[in-house]
Amino acid sequence: MLKHLGLQVLDFFLPRLCVFCGEVVGEQAPAAVCPACDEAIPWVRSPLCPVCGRVFPVLERDDHLCGPCRTAPPPFARARAAVLYEEEGPAGQAIKRFKYNRRLDMLPVMQHWLRQPLCQELVGAADLVAPVPLHPQRLKQRGFNQALLLAQAFPEVHLERELITRVRHTPPQTGLNPKERRDNVKGAFSLTRPHLAQGKKVLLIDDVFTTGATVRECTRVLRKAGAHQVDVLTVARVRYE
């Protein structure tokens, strides 16, 4: 009790600092990010693919289907992200510090990003939210599932914390090509209680969309269980595949 009170006193007297550069951030700012760093965030904007959410480099065009979604549509209905992923950019820093360095001060910032209007459209359509799971072995190593913590940004939607489970331990996807990524996660997921997905609009939450192999496989098991629709929401996505 005294420790908690002491932390509250410190929060009151110490200035709020930007999680990226350490500059003082005004209390009125919605997240602990200074104006200069906020200006550097590459937000996801149109034109984009209305299915997979891929962002196109030509700004003059309207939203339109990308080539892969025309020829081989993914099993999910829509995928969206808040920001574009750059290894050394704000999204890259936030995600890596959060996942690998346990910088939990990054969590409120990324949850704030997920509440951008482009993302909220998917949240408003969902019957339930489900995080992409970690295998128990990796969960034990990391200590938390980043997707579950991110999914808690939406208290207005029912959260099924363990709807999807990872039944096969897989190597990290980093460094694998698209085919290797698909093969790596094939058959890696299952549903604990399939009836909970039946007839529902499910919103899958994860941190990064790269090739989409993981969320495709999660979507496949959800659709097999009778989910009416699956949308995908991530903090970030790669700029171009």
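The structure we're discussing is the one just above.
Calculation rules
- Here the residue numbers are simple positions, counted from 1 along each chain's written sequence.
- Only residues with pLDDT of at least 70 get local features here, since the model is predicted, and only at 80 or more are side-chain atom pairs given and counted; chain-wide, interface and lining totals rely on the full set of residues.
- The side-chain values count all of the structure's non-hydrogen atoms but skip hydrogen atoms and water molecules.
- Per the convention used, a helix needs a DSSP run of H or I reaching at least four residues, while a strand needs a run of E reaching at least two, with both numbered from the N terminus.
- We compute the radius of gyration over the C-alpha atoms and compare it with the globule rule, which gives 2.2 Å times the number of residues raised to the power 0.38.
- Accessible area is worked out with a 1.4 Å probe on protein chains only. A residue is then buried under 20% of its type maximum, exposed over 50%, and partly exposed in between.
- Computed with a 1.4 Å probe, the accessible areas rest on the Shrake-Rupley method; for each residue, only the protein chains presented here act as cover.
- Counted charges follow a simple rule, with Lys and Arg positive, Asp and Glu negative, and His plus the chain ends left uncounted.
- The location of each charge is read from NZ of Lys, CZ of Arg, CG of Asp or CD of Glu.
- Each polar contact in these results corresponds to two N or O atoms within 3.5 Å; when the atoms are within protein, one needs to be able to donate a hydrogen and the other to accept it, and residues that are neighboring in sequence are counted only if both atoms are side-chain atoms.
- What makes two residues a contact is simply this: any of their non-hydrogen atoms within 4.5 Å.
- Note on definitions: the grid is 1 Å and covers protein atoms alone; a cavity is a set of points where a 1.4 Å probe fits but cannot get out; a pocket is an open set with protein on both sides within 12 Å along at least five of seven lines; lining residues have an atom within 4 Å of a point.
- Grid points are joined across faces, edges and corners, and a volume is the space filled by probe spheres set on the points.
- Note on residue categories: nonpolar means Ala, Val, Leu, Ile, Met, Phe, Trp, Tyr, Cys or Pro, charged means Asp, Glu, Lys or Arg, and polar means any other residue, Gly included.
- Pairing of aromatic side chains requires ring centres within 6.5 Å, counting the rings of Phe and Tyr and the six-membered ring of Trp. Pairs whose planes differ by under 30 degrees are stacked, by over 60 edge-to-face, and all others tilted.
- For two strands to be treated as a pair, DSSP must find at least two bridges joining them.
- Axis angles are defined between N-to-C directions and span 0 to 180 degrees, where every axis is a line fitted to C-alpha atoms and, for a helix, only to the segment in contact.
- Put simply, a salt bridge is a Lys or Arg side-chain nitrogen that is within 4 Å of an Asp or Glu carboxyl oxygen.
- Think of a nonpolar core as a cluster: buried Ala, Val, Leu, Ile, Met, Phe, Trp, Tyr and Cys residues, connected wherever their side-chain atoms sit within 4.5 Å.

Student: Explanation requested: the overall build of the chain in the structure shown.
Tutor: When helices and strands are tallied, the chain shows 10 helices and seven strands. Since a compact globule built from 241 residues should have a radius of gyration of about 18 Å, the 18 Å found for the chain is in line with a globular shape. With the C-alpha coordinates aligned to their principal axes, the bounding extent of the chain is approximately 55 × 50 × 35 Å. For the chain, with 241 residues in total, the buried portion stands at 49%. Accessible surface, the chain as shown: approximately 12,700 Å² in total, 56% of it carbon and sulfur. A distance of 8 Å separates the average location of the 33 positive side-chain charges in the chain from that of its 24 negative side-chain charges.

Student: What exactly am I supposed to notice about the side chain of Asp207 here?
Tutor: With respect to the secondary-structure elements, Asp207 resides in strand β6 (residues 201-209). Engagement of the side chain of Asp207 in a polar contact is seen with the side chain of Lys99, the distance being 2.9 Å. Setting aside its immediate chain neighbours within four residues, Asp207 contacts Ile95, Lys99, Gln146, Leu150, Thr234, Val235 and Ala236.

Student: Explain the environment of Ala91 to me, please; I cannot follow it from the model alone.
Tutor: Relative to the helices and strands, Ala91 resides in helix α4 (residues 90-101). Between the C-alpha atom of Ala91 and that of Trp43, which follows or precedes it by 48 residues, the distance is 9.8 Å. Apart from the residues lying within four places of it in its own chain, the contact partners of Ala91 are Val83, Leu84, Tyr85, Trp113 and Ala236.

Student: What is the right way to look at the layout of surface pockets in this model?
Tutor: Over the atoms, a rolling probe the size of a water molecule traces out where space has been left empty. Of the voids in this model, the largest pocket is the one considered here, and its volume is about 750 Å³. Forming the boundary of the largest pocket are 31 residues, of which Lys99, Tyr100, Gln173, Thr174 and Asp207 lie nearest the centre. Of all the secondary structure elements, the ones that give two or more residues to the lining of the largest pocket are α4, α7 (136-142), α9 (178-185), β6 and α10 (213-224). Classifying every residue of the lining of the largest pocket gives 12 nonpolar, 10 polar and nine charged.

Student: What is the right way to read the packing of aromatic side chains from this model?
Tutor: Aromatic ring pairs are described here by two measures, namely the spacing of the ring centres and the angle between the planes. Counted according to the given criterion, the structure contains four aromatic pairs. Plain terms: the ring middles of Phe20 and Trp113 are 6.4 Å apart, the flat faces sit at 10° to each other, and that makes the pair stacked. Here Trp113 lies in helix α5 (residues 106-113) and Phe20 lies in the loop between α1 (2-13) and α2 (35-39), a separation of 93 residues in the sequence. Residue classification places Phe20 among the buried positions, given a relative accessible area of 15%. With 6.4 Å between their ring centres and 85° between their planes, Trp43 and Trp113 make a pair best called edge-to-face. Here the residue Trp43 occupies a position in the loop between α2 and α3 (67-71), and Trp113 occupies one in helix α5, the gap between them amounting to 70 residues.

Student: For this particular structure, what's the right way to read the sheet that holds strand β3 (residues 158-159)?
Tutor: Within a sheet, each strand pairs with its neighbour through backbone hydrogen bonds, oriented either parallel or antiparallel. Strands sit in the order β1-β7-β6-β2-β3 across an open sheet of five strands; the sheet is parallel. Sheet topology places β1 (78-85) and β3 at the edges, where each strand pairs with a single neighbour. As defined by bridge partners, strand β2 (residues 128-131) adjoins β6 across four bridges and the pair is classed as parallel. What sits directly across from Pro131, in β6, is Ile205. Here helix α6 (residues 117-125) sits on the sheet in contact with β1, β6 and β7 (229-238), set at roughly 150° to β1.

Student: Teacher, can you tell me more about the pattern of salt bridges here?
Tutor: Two side chains that carry opposite charge are able to pair once their charged atoms sit near each other. Scanning the entire structure with this criterion turns up 10 salt bridges. With its nearest N and O atoms 3.6 Å apart, the salt bridge here joins Lys96 to Glu88. Salt-bridge contacts for Arg193 lead to Glu160; the nearest nitrogen and oxygen are separated by 3.4 Å. Here the residue Arg193 occupies a position in the loop between β5 (189-191) and β6, and Glu160 occupies one in the loop between β3 and β4 (164-166), the gap between them amounting to 33 residues. Each of Arg78, Glu121 and Asp231 takes part in salt bridges that share partners, so that together they form one network.

Student: Would you explain the nonpolar core in this entry?
Tutor: Buried together is how nonpolar side chains tend to be arranged in soluble globular proteins. Ranked by size, the top nonpolar core spans 41 residues in total, and within it Phe20, Val83, Met110, Trp113 and Val235 carry the most contacts. Of all elements in the fold, only β1, α4, α5, α6, α8 (146-151), β6 and β7 reach the threshold of two or more residues within this core. Once you skip the residues sitting within four places of it in the chain, Val83 turns out to touch Ile41, Pro42, Trp43, Val44, Ala91, Trp113, Val235, Ala236 and Arg237.

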